[in-house]
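Analysis of the macromolecular model
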Amino acid sequence: MEIIIQKTAKEGSAVGGRIVAKLVQHKPEAVLGLATGSTPVKLYREMIQWHTEKGLDFSKVTTFNLDEYIGLAADHHASYHRFMNENLFDELNMLKENIHIPDGLAEDVVGHCAAYEQAIVEAGGIDLQVLGVGSDGHLGFNEPTSSFASRTRIKTLDQQTVEDNQRFFTEGEEVPRHVITMGLGTIMEARTCLLFAFGEGKADAVAEMVEGAVSAMMPGSVLQFHRDARIILDEAAASKLKKADYYKWVYGNKPEWQQY
Ligand code: F6R
């Protein structure tokens, strides 16, 4: 695990934007795994800037999103389809056929999940998976006790996640309890995992995920087993890490050949 601590979410997102840009410059047909929620919004703004101001070409990039709510149509205001279009895809020159998000209205959920896994394989696997972490430690919608070997499937949200995500829904509107999510096993096959966490509300989950025991009760801790997991934090999210000074020194003193 590499822990990158920046002063603000904006600076952390700029670091992430450079990592994504470098990958796409080096491999124009890169396969990106993408997340939704508040955390990656600034990263997506960085990616849009790379495209509009520096001409970064996304026309050959393929994407796979982590998750979607079951029962929400693509145009529902709280669907992850809508979120991705509004926060990223509408501003990039990606081809529609290269964008993949689980279908919340799939009739055959099991078949749809298997086809989603197969599409990732056929695309050559995910080069870089963008992740956030839930306050309960979930990755994607892999709630506590999710198997580390899990694949794309239906999951039931924890009450904590329902409450955390209520803010994306209008008053009185229920957050769907069921979702389709890539599994932890699917996520772990990405060549690089890039997890962002910002704000004090994530400090406990981050400390447990990075420095705690590896446990299915803290799904994010599975990244301790990943060969290239980079965790980008602001000061507030890093505030409960015991070895924060060490991580800062390591990042600030990287030899040039190791920089990206
Ligand atoms: C969403 C996702 C979730 C979020 C997590 C954090 O696609 O995969 O794991 O990353 O719930 O959400 P925010 O960023 O809203 O705090």
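Owing to the predicted nature of the structure, the values given are computational and were not obtained by experimental measurement.

**What to know about the pattern of salt bridges**
Applying the stated rule across the entire model yields 9 salt bridges. Where D204 meets K240, a salt bridge forms, and the shortest distance between an N and an O atom there is 3.1 Å. Here D204, found in helix α7 (residues 203-211), pairs with K240, found in the loop between β10 (229-234) and α8 (244-252); they are 36 residues apart in sequence, far enough to count as distant. Classification of D204 as partly exposed rests on a relative accessible area of 46%. Look at K240 and you get partly exposed, because its relative accessible area is 45%. Where E235 meets K248, a salt bridge forms, and the shortest distance between an N and an O atom there is 3.2 Å.

**Considerations on the site of the ligand**
Surrounding the ligand, one finds 14 residues, the nearest of these being T39, D67, H138, G140 and K202. Here an oxygen atom of the ligand and a side-chain polar atom of T36 are 2.7 Å apart. Here an oxygen atom of the ligand sits 2.7 Å away from a polar atom, N or O, in the side chain of R167. Burial of the ligand by the protein chains amounts to 94% of its free accessible area of 410 Å².

**Thoughts on the side chain of T152**
Position of T152 among the secondary structure elements: in the loop between β6 (128-131) and β7 (153-156). Look at T152 and you get buried, because its relative accessible area is 8%. A distance of 2.7 Å separates polar atoms of two side chains, one belonging to T152 and the other to E117. When residues no more than four places from it in sequence are discounted, the contact partners of T152 are C113, Y116, E117, I180, T181, M182, G183 and T186.

**Description of the sheet that holds strand β1 (residues 2-6)**
Strand order in the open sheet formed by 7 strands is β1-β10-β9-β6-β2-β3-β5, and the pairing between neighbours is parallel. Looking at strand neighbours, the two that pair on one side only are β1 and β5 (99-100), the edges of this open sheet. Looking at chain direction, strand β3 (residues 62-65) and β5 are connected through 2 bridges and run parallel. Each bridged residue has a counterpart across the sheet, and for T63 the counterpart in β5 is I99. This element, α7, spans β1, β9 (192-197) and β10 of the sheet and lies at about 150° to β10.

**Considerations on the environment of N253**
With respect to the helices and strands, the residue N253 is situated in the segment after α8. Owing to a relative accessible area of 40%, N253 belongs among the partly exposed residues under this scheme. Measuring from C-alpha to C-alpha, the distance between N253 and T186 comes to 33 Å, with 67 residues separating the pair along the chain. A polar contact is formed between the side chain of N253 and the backbone oxygen of W249, at a distance of 2.7 Å.

**Considerations on the packing of helix α1 (residues 9-26) against helix α2 (residues 41-54)**
In contact at an axis separation of 8 Å, α1 and α2 are set at 45° when each is read in the N-to-C sense. Between α1 and α2, the angle is such that the two are oblique. Once α1 is placed against α2, the crossing between them reads as right-handed. Here A9, K10, S13, A14, G16, G17, R18, V20, A21 and Q25 of α1 come into contact with α2, specifically with K42, L43, E46, M47 and W50. Per-class residue counts for the contact of α1 with α2 are 7 nonpolar, 4 polar and 4 charged.

**Focus on the environment of P219**
Mapped onto the fold, P219 is located in the loop between α7 and β10. It is 23 Å that separates the C-alpha atoms of P219 and F168, two residues lying 51 residues apart in sequence. Residues in contact with P219, not counting those within four places in the same chain, are D136, G137, H138, L139, N142, E143, P144, F148 and L184.

Calculation rules
- Residues numbered from 1 in each chain as written.
- Predicted model: local features only at pLDDT ≥ 70, side-chain atom pairs only at ≥ 80, totals over all residues.
- Heavy atoms only, no water.
- Salt bridge = Lys/Arg side-chain N within 4 Å of Asp/Glu carboxyl O.
- Helix = DSSP H or I, 4+ residues; strand = E, 2+ residues; numbered from the N terminus.
- Buried < 20%, exposed > 50% of the residue type's maximum accessible area, 1.4 Å probe, protein only.
- Near = heavy atom within 4 Å.
- Polar contact = N/O pair within 3.5 Å; in protein donor to acceptor, adjacent residues only side chain to side chain.
- Areas by Shrake-Rupley, 256 points an atom, 1.4 Å probe, with all protein chains shown as cover.
- Contact = heavy atoms within 4.5 Å.
- Pairing = 2+ DSSP bridges.
- Axes fitted to C-alpha atoms, helices over the stretch in contact; angles between N-to-C directions.
- Parallel < 35°, antiparallel > 145°, perpendicular 65-115°, else oblique.
- Left-handed = near helix turned anticlockwise from the far one by under 90°.
- Nonpolar A, V, L, I, M, F, W, Y, C, P; charged D, E, K, R; others polar.

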